[in-house]
Amino acid sequence: MALIEARGVTKRFGGLAAVAEVSFDLQDGEILGLIGPNGSGKTTLVNVITGALPYTGGDVRFRGDSLRGLPSYAIGRLGVSRTFQIVKPFRNLTVVENVMVGALFGAVGGARALADARHRAEEVLDFVALAHRADAQADDLNVPERKRMELARALAMRPTVLFLDEVMAGLNPSEIDAAVTLIKKIRDRGTTLVVIEHVMRAIRDLSDRILVLFHGEKLTEGPPQEVLNNPDVVSAYLGRRFVEQSRA
Amino acid sequence: MKGSRGKPLVIGAAVVLALALAPAGLSPFLVQFLINLFMLAALAESWNIIGGFTGYASFGNVAFFGIGAYTTGVLLTAAEWPFALALPAGGLLAMAFAGLIGMPILRLKGHYFAIATLGVAETMREIVYNLKITGGGTGLTMPITRSALPFFYLMLGILIAATLVNWWISASRFGYGLIAIREDEDAAAAMGINAALYKTAAFALSGLFAGLTGGVFAYWITFIDPEGVFRVIVTIQMIIMAVFGGMGTVVGPLLGALVLATVSEVLSTQLVSLAELFNGFIVILVVLFMPKGLAEVIRKREFSLRKLARNLREYRV
């Protein structure tokens, strides 16, 4: 049985189907790349699965149990966590306090006492190489640091499945390399990952499989090389003419 | 944070002891002033739970104060309950009401929440005005007590309890949940916090202390009417005191109440016309000089013209 089984997930905003009949399986321990042009429904899909938006149709099962209709906090406690594309720091808290919240309220069996939570937060900050900023105000962090804090907060929840929504946006090439290494380390520690990203090099290096969304529908799914060379995927990103030119 | 935990407790215990012994050496006027000060501080601390820690600016907390006052008053007079039962009943009813009304209106945010709470308080006043059991517009008269001392110690006790609850919130898992909700509710929910439950609990706690304060107020002042105990200005005072002292801190509301109650007492006896303008001045000064409150200024020992200039730019004055 797959860790997550999504079947016919649909989300409509009025007449617009932001996500239409998307089905996929997520295997335990894999990294699934989720790509697609802007507006193709990647973030909406994550929002629906993690309970931030209600379903229009379909269902998602986590270890066989339906997640549909559960509030987002309950899904977080079951072990399905996410980061936000537009980071949402707790601005008036320090970095370590931000991460403590994840430990205090995360997956069942988490660190419920403040001292334990602080300890775990410090460990996680060390893991994401942000320990030196532990006592800084979250508001004082720069963009790459904020992205790493966002990641640290989610990791402190000890998730089984983690959805990363564009954690590499705004990073420079060497920072992206560091992020790729970090994400692989997260997987090696036992967390299954779904990675939304526009940085193709990172997606190719990271993913065991890639799922492509286009206009809310699943365009294709498969191994990175195969998917990224698929003419439909190229035309979805760059337009039909580009495919014809590259063939000529 | 760890090493400094003992110190506020010691200072707090010393202040409480001094206050507990104070009535013996003070004039009746000063005892009355202190009762009023304790009441305002307790109200500011109660508002701080929902407004300061949770970030939901309630403009209707006077409703809980009024419900506490009227419940205690009606039980004391019409039902002839002893005060020892009537007061907790008032507090608990205010708490239950806050919890119930909180479930729907805490779904609103920002200005919408503020307006909804304002509406709740105004509605409560009208309801009490039109009920028979509350005496309608003529109000309720309590049995008269000879000594002010019981009220002194009751208000002090409620203030201490409210402060301790704020202190507990500031250093507990529950408090981290509330602060996370204040900072970003979507992120808080994604991180496993049951925001609806936490907000409602915070609102109910806030209602409990406002209700208890109202109950003591009713018996102390011996006469209550709808205009008196459902005044919007009472909520505004809670907010200004908490904001002036420092929202979301434990000592902030205490500092705010102490400074503002003292100044407004002096003004209202010396310069009545200025007293009316006072609250407005305070809001302007706080925004310009110390948006995070007096407690923060004292803690960081920073108070500079450069900061004033920055705030002027930031708030586009």
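About the thresholds
- Residues numbered from 1 in each chain as written.
- Chains lettered and ligands numbered in written order.
- Predicted model: local features only at pLDDT ≥ 70, side-chain atom pairs only at ≥ 80, totals over all residues.
- Domains from an automatic or database assignment.
- Contact = placed C-beta atoms within 7 Å.
- Helix = DSSP H or I, 4+ residues; strand = E, 2+ residues; numbered from the N terminus.
- Buried ≥ 20, exposed ≤ 12 C-beta atoms within 10 Å, placed from the backbone.
- Nonpolar A, V, L, I, M, F, W, Y, C, P; charged D, E, K, R; others polar.
- Axes fitted to C-alpha atoms, helices over the stretch in contact; angles between N-to-C directions.
- Parallel < 35°, antiparallel > 145°, perpendicular 65-115°, else oblique.
- Left-handed = near helix turned anticlockwise from the far one by under 90°.
- Pairing = 2+ DSSP bridges.
- Core = buried A, V, L, I, M, F, W, Y, C linked by C-beta atoms within 7 Å.
- Expected span 1.5 Å × (residues − 1).

Run through the domain arrangement of chain A, naming residues and quoting values.
By a widely used convention, the size of an interface equals the accessible area lost when the partners come together. All names here are of chain A. For chain A, the domain assignment lists domain 1 (1–79 + 161–248) and domain 2 (90–159). Here domain 1 and domain 2 have C-alpha centroids that lie 25 Å from each other. The partner domain 2 presents 13 residues to the 12 residues of domain 1 that form the contact. Elements with a minimum of two residues in the side of domain 1 that touches domain 2: α2 (72–78), β7 (161–165) and α6 (173–188).

For the environment of N194 of chain B, give the residues involved together with the corresponding values.
All names here are of chain B. Tracing the backbone shows N194 in the loop between α8 (185–190) and α9 (195–221). The exposure class of N194 is buried, given the 20 C-beta atoms found within 10 Å. Distance from N194 to L178, taken between C-alpha atoms, is 9.9 Å for residues 16 residues apart in sequence.

Residue-level account of the interface of chain A and chain B, with values.
The interface of chain A with chain B comprises 23 residues on the first partner and 17 residues on the second. Its residues assigned to classes, the side of chain A that touches chain B shows 11 nonpolar, 6 polar and 6 charged.

I'd like a description of the packing of helix α3 (residues 62–77) of chain B against α9 of chain B, backed by residues and values.
Residues and elements named next belong to chain B. Relative to each other, α3 and α9 sit at 45°, their axes nearing to 6 Å. Judged on the interaxial angle alone, α9 and α3 are oblique. As α3 runs across α9, the sense of the crossing is right-handed. For the pair α3 and α9, the contacting residues are F64, F65, G66, I67, G68, A69, T72, G73 and L76 in the first and G207, A210, G211, L212, T213, G214, G215, F217, A218 and Y219 in the second. Looking at the contact of α3 with α9, its residues break down into 10 nonpolar, 9 polar and no charged.

Can you tell me about the sheet that holds strand β9 (residues 209–214) of chain A, naming the residues and giving the values?
Residues and elements named next belong to chain A. Read across the open sheet, the 6 strands follow the order β6-β7-β8-β3-β9-β10; overall the sheet is mixed. Edge strands, defined here as strands with exactly one partner in the open sheet, are β6 (80–82) and β10 (217–222). Taking each pair of neighbouring strands and ignoring which way they run, the sheet shows an average axis angle of 20°. As defined by bridge partners, β7 adjoins strand β8 (residues 192–196) across 5 bridges and the pair is classed as parallel. From the neighbouring strand, F163 faces β8, where its bridge partner is V194. Along the sheet, helix α1 (residues 42–49) contacts β3 (31–35), β6, β7, β8 and β9; its crossing angle with β7, the most-contacted strand, is approximately 150°.

Help me get a handle on the nonpolar core, residues and values and all.
Membership of the largest hydrophobic core comes to 172 residues, with the highest contact counts inside it found for V99, A152 and V195 of chain A together with A42, M155 and I193 of chain B. The element best represented in this core is α9 of chain B, accounting for 15 residues. Of the domains in this structure, domain 1 (1–79 + 161–248) and domain 2 (90–159) of chain A are the two that each give at least three residues to this core. In contact with M155 of chain B, other than residues within four places in its own chain, are I35, F38, M39, A42 and V216 of chain B.

Hey, could you go over α1 of chain A for me, with residue numbers and the actual values?
Structural remark: α-helix, 3.6 residues per turn; residues separated by three or four positions point the same way. Residues and elements named next belong to chain A. Of all 8 residues making up α1, 8 are buried, and the element is well covered by its neighbours. Where α1 is concerned, the buried positions are K42, T43, T44, L45, V46, N47, V48 and I49. Positive phi shows up at G51, right after α1, with a value of about 85°.

Just give me the short version of α3 of chain B, but keep the residues and values in it.
For α3 of chain B, spanning 16 residues, the distance from its first C-alpha to its last is 22 Å, which sits close to the expected 22 Å at 1.5 Å a residue. For α3 of chain B, the buried fraction is high: 15 of the 16 residues fall into the buried class.

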